[in-house]
Amino acid sequence: MENARILDARLRKIISEVSLRTGGEIKKNLLGDLGECFQTAIEEYSRRETTRLLKLLKKAIEKM
């Protein structure tokens, strides 16, 4: 009976450890994906704003 308790405790510890590691890896992957999404969004926004600024500059030059 004591062996069964010890085995149960060991199995719970192993399962807990695996869950923590797997959860940590999933979080790292999600953060990496989120970072890539932000980077893509920022690049797209920068392109749009640069295009808008250049168009405004062109209009200002044409008015001169």
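Residues numbered from 1 in each chain as written. Predicted model: local features only at pLDDT ≥ 70, side-chain atom pairs only at ≥ 80, totals over all residues. Heavy atoms only, no water.

(A) Summary view of the overall build of the protein. Within the protein one finds 1 helix and 0 strands. Against the globule reference of 11 Å for 64 residues, the protein gives a C-alpha radius of gyration of 28 Å, more extended than a compact globule. By principal-axis analysis of the C-alpha atoms, the protein measures approximately 95 × 10 × 5 Å. By the burial criterion, 0% of the 64 residues in the protein qualify as buried. Entry remark: accessible area of the protein is about 6,400 Å², with carbon and sulfur atoms responsible for 63%. Side chains of the protein carry 14 positive and 10 negative charges; the gap between the two charge centres is 4 Å. (Helix = DSSP H or I, 4+ residues; strand = E, 2+ residues; numbered from the N terminus. Rg over C-alpha atoms; globule rule 2.2 N^0.38 Å. Buried < 20%, exposed > 50% of the residue type's maximum accessible area, 1.4 Å probe, protein only. Areas by Shrake-Rupley, 256 points an atom, 1.4 Å probe, with all protein chains shown as cover. Lys, Arg positive; Asp, Glu negative; His and termini not counted. Charge placed at Lys NZ, Arg CZ, Asp CG, Glu CD.)

(B) Looking closely at the pattern of salt bridges. Enumeration over the complete set of coordinates arrives at 4 salt bridges. A salt bridge links Arg12 to Asp8; the shortest N-O distance between them is 3.0 Å. On the criterion of helical spacing, the pair formed by Arg12 and Asp8 is a turn pair, its members being 4 residues apart in helix α1 (residues 2-63). Its relative accessible area of 57% is what places Arg12 among the exposed residues. The shortest N-O distance in the salt bridge between Arg47 and Glu44 comes to 3.1 Å. (Salt bridge = Lys/Arg side-chain N within 4 Å of Asp/Glu carboxyl O.)

Such coordinate-based values are descriptive only and should not be taken to indicate function.
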